[in-house]
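# Structural overview
Spelled out, the chains give:
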Amino acid sequence: MHLVQLIERPGSEECGGGVSWLTRGCMGWDMVAPSNIVVGSVVWVEDPEAAWLDGEVKQINGEELTIKCTEKTVVAKASNVYPKDPEFPSSGVEDMTKLAYLHEPGVLQNLKCRFDMNEIYTYTANILIAVNPFQRLPHLYANNMMEKYKGAAFGELSPHPFAIADSAYRQMIKERISQAILVSGESGAGKTESTKMLMQYLAFMGGQEKISGKRSVEQKVLESNPVLEAFGNAKTVRNNNSSRFGKFVEIQFNEKGRISGAAIRTYLLERSRVCQVSDPERNYHCFYMLCAAPSEGDEPKSFMDRVTKEVNWEDNVDASVMWNKIGICVYKRLRKNLAESKGMAQHVGVHHGGMRREAKEAERVVRETRVRVVRGISICEIPDLHCFALWYTMLG
Ligand SMILES: Nc1ncnc2c1ncn2[C@@H]1O[C@H](COP(=O)(O)OP(=O)(O)OP(=O)(O)O)[C@@H](O)[C@H]1O
């Protein structure tokens, strides 16, 4: 049996990899200004507002260069100036290693010009760089796209997470060696969305034949996302659906390359958020979901609308679609299981009440939310209620 492991590092507001590795110093990428800049050279110069401006060198005075840019003339130190490729193709390059100059302004220029054409993915050799489009681009992820990437040589088609997943899958089959894909980047860069695409492709390649009435492993793995997001994601200033934990997904394949099992391990959950949330950020989605749980006579649709609105999932690429799929069955389970974990529910209720409200108000919330919370817990079928147990300890 072999594995494909997907490691999603939790995002931070600081330099964390992904997009940030393009910035100087994050990965020790020293950019030394070349000595072959002469009067008439086209160069990039650092600018406090635009990051980088391009212009022509008009005068060289020792270490100081006078550069004429489109909107202004800049005097800069030679060490802050980098050559610009005059033959840079207008549509950019798919692989950054093809750039004449692999320095920060060159890389950013390439990413920007591709992004302007809705090409959000670019390679640097076998590393895929994704720029968050902040809009749905369904044509990139359709089922026929997965068919296209199936078995295509790496680099033959446009850069895409499917190509990365396909390459890992084929390496695993060919070399019989487990593979790992690391997804890294700052908060809001698109790690979660990219990880979901990788999982989607691996499920497509290794999916078992459907047995009626039985959910396959890959289906379960994909459907676990909304549940994990409910317990580990929250709205932050950078991202309405920010994962406040790291995720290690292991997908196991049998000799025939079919998925035989899966494991998801989470780590580094941001526990402090449970007790302290600063405006306009929010606590974990589950608290808001639990309070939106259905009361007697509630219709599934109104319940689902309320949860989608509460959790702010409208702008999440596929969580809302997935939620609509699992919503009906969640709703049925909620209605069925009414009387479990009263103590735990009380603590969740106490916590929820204590988040913003005064003690008296908290008591009322406990009273009112107890039944709802009890129902909510049974949504997730988390056998040991690990998250809640953890929070219980902190609150207790
Ligand atoms: N490929 C994409 N297509 C469309 N929208 C995207 C894509 N990638 C990211 N987004 C948008 O950006 C939002 C943030 O992305 P995502 O949650 O994947 O970031 P992240 O890197 O996992 O952030 P964090 O570290 O805070 O969890 C998504 O909810 C979605 O709206």
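Just so you know, these numbers come straight off a predicted model, no measurement behind them.

## Regarding the overall build of the protein chain
Of the regular secondary structure elements, the protein chain holds twelve helices and 13 strands. Nonlocal contacts in the protein chain, meaning residues at least 24 apart in sequence, comprise 60% of its contacts between residues at least 6 apart. Looking at the protein chain as shown, the accessible area adds up to about 20,600 Å², and 52% of this sits on carbon and sulfur atoms.

## Remarks on helix H4 (residues 191–206)
Taking 1.5 Å of rise per residue, 16 residues should cover 22 Å, and H4 covers 22 Å from first to last C-alpha, within 8% of that figure. Taking burial as the measure, the 16 residues of H4 include 14 buried ones, the bulk of the element.

## What about the nonpolar core?
Membership of the largest hydrophobic core comes to 29 residues, with the highest contact counts inside it found for Tyr141, Phe162, Tyr201, Ile251 and Phe253. Breaking this core down by element, the ones donating at least two residues are strand E7 (121–124), helix H2 (143–149), helix H3 (161–175), strand E9 (179–183), H4 and strand E12 (246–253). At seven residues, H3 tops the list of elements feeding residues into this core.

## Some remarks on the pattern of salt bridges
Applying the stated criterion to the full structure yields 13 salt bridges. We note a salt bridge from Arg176 to Glu255, for which the minimum N-O separation is 3.1 Å. Taken together, the residues Arg176 in the loop between H3 and E9 and Glu255 in the loop between E12 and strand E13 (259–267) connect sequence positions 79 residues apart. By relative accessible area, which is 39% here, Arg176 ends up partly exposed. A salt bridge links Glu270 to Arg273; its shortest N-O distance comes to 2.8 Å. Here Glu270 falls in the partly exposed class, since its relative accessible area comes to 25%.

## Brief notes about the sheet that holds strand E3 (residues 51–61)
In spatial order, the strands read E5-E4-E3-E2-E6; together these five strands make up an open sheet with antiparallel pairing. In the strand order of this sheet, the two ends are held by strand E5 (73–77) and strand E6 (81–83), each with one partner. Strand-to-strand twist across the sheet, computed as the mean angle between neighbouring axes with direction ignored, equals 45°. Pairing analysis gives six bridges linking strand E2 (residues 42–47) to E3, with the strands arranged antiparallel. Within E3, the position partnered with Asp47 by the bridge is Ala51.

## A few points about unusual backbone geometry
Of note, the phi angle at Ala51 is positive, near 75°, even though the residue is not glycine. Checked against the element boundaries, Ala51 lands in strand E3. Ala51 gets classed as partly exposed once you look at its relative accessible area, which sits at 37%. One non-glycine residue, Leu268, lies in the positive phi region at around 55°.

## Thoughts on the packing of aromatic side chains
When we look at a pair of aromatic rings, we describe it by the centre distance and by the angle of the planes. Applying the stated criterion across every chain yields a total of six aromatic pairs. Ring geometry for Tyr149 and Phe162: centres 6.3 Å apart, planes at 75°, overall edge-to-face. Taken together, the residues Tyr149 in helix H2 and Phe162 in helix H3 connect sequence positions 13 residues apart. For the residue pair Tyr149 and Phe162, the accessibility class agrees, reading buried in each case.

What counts and how
- All residue numbers refer to position in the chain's written sequence, counted from 1.
- Restriction of local features to residues with pLDDT of at least 70 applies here, the model being predicted, together with a cutoff of 80 or more for giving and counting side-chain atom pairs; totals for whole chains, interfaces and linings are based on all residues.
- To obtain the side-chain values, all non-hydrogen atoms of the structure were used and water was disregarded.
- Counting from the N terminus, the helices are the DSSP runs of H or I reaching at least four residues and the strands are the DSSP runs of E reaching at least two.
- For this analysis, residues touch if any pair of their heavy atoms sits within 4.5 Å.
- Per-residue and other accessible areas were derived by the Shrake-Rupley procedure at a 1.4 Å probe size, with only the shown protein chains allowed to occlude residues.
- Helix span, expected: 1.5 Å multiplied by one less than the number of residues in the helix.
- Burial classes follow relative accessibility: with a 1.4 Å probe on protein chains only, a residue under 20% of its type's maximum area counts as buried, one over 50% as exposed, and anything between as partly exposed.
- Residues enter a nonpolar core if they are buried and are Ala, Val, Leu, Ile, Met, Phe, Trp, Tyr or Cys, with the set joined through side-chain atoms within 4.5 Å.
- We count a salt bridge whenever a side-chain nitrogen from Lys or Arg sits within 4 Å of a carboxyl oxygen from Asp or Glu.
- For two strands to be treated as a pair, DSSP must find at least two bridges joining them.
- In this analysis an axis means a line fitted to C-alpha atoms, helices contributing only their contacting stretch, and an angle means the value between N-to-C directions, from 0 to 180 degrees.
- Centre distance within 6.5 Å is the pairing criterion for rings of Phe, Tyr and Trp, where only the six-membered ring of Trp is used; planes under 30 degrees apart are then read as stacked, over 60 as edge-to-face, and the remainder as tilted.

Everything listed here is a matter of coordinates, which is why it stays silent on function.
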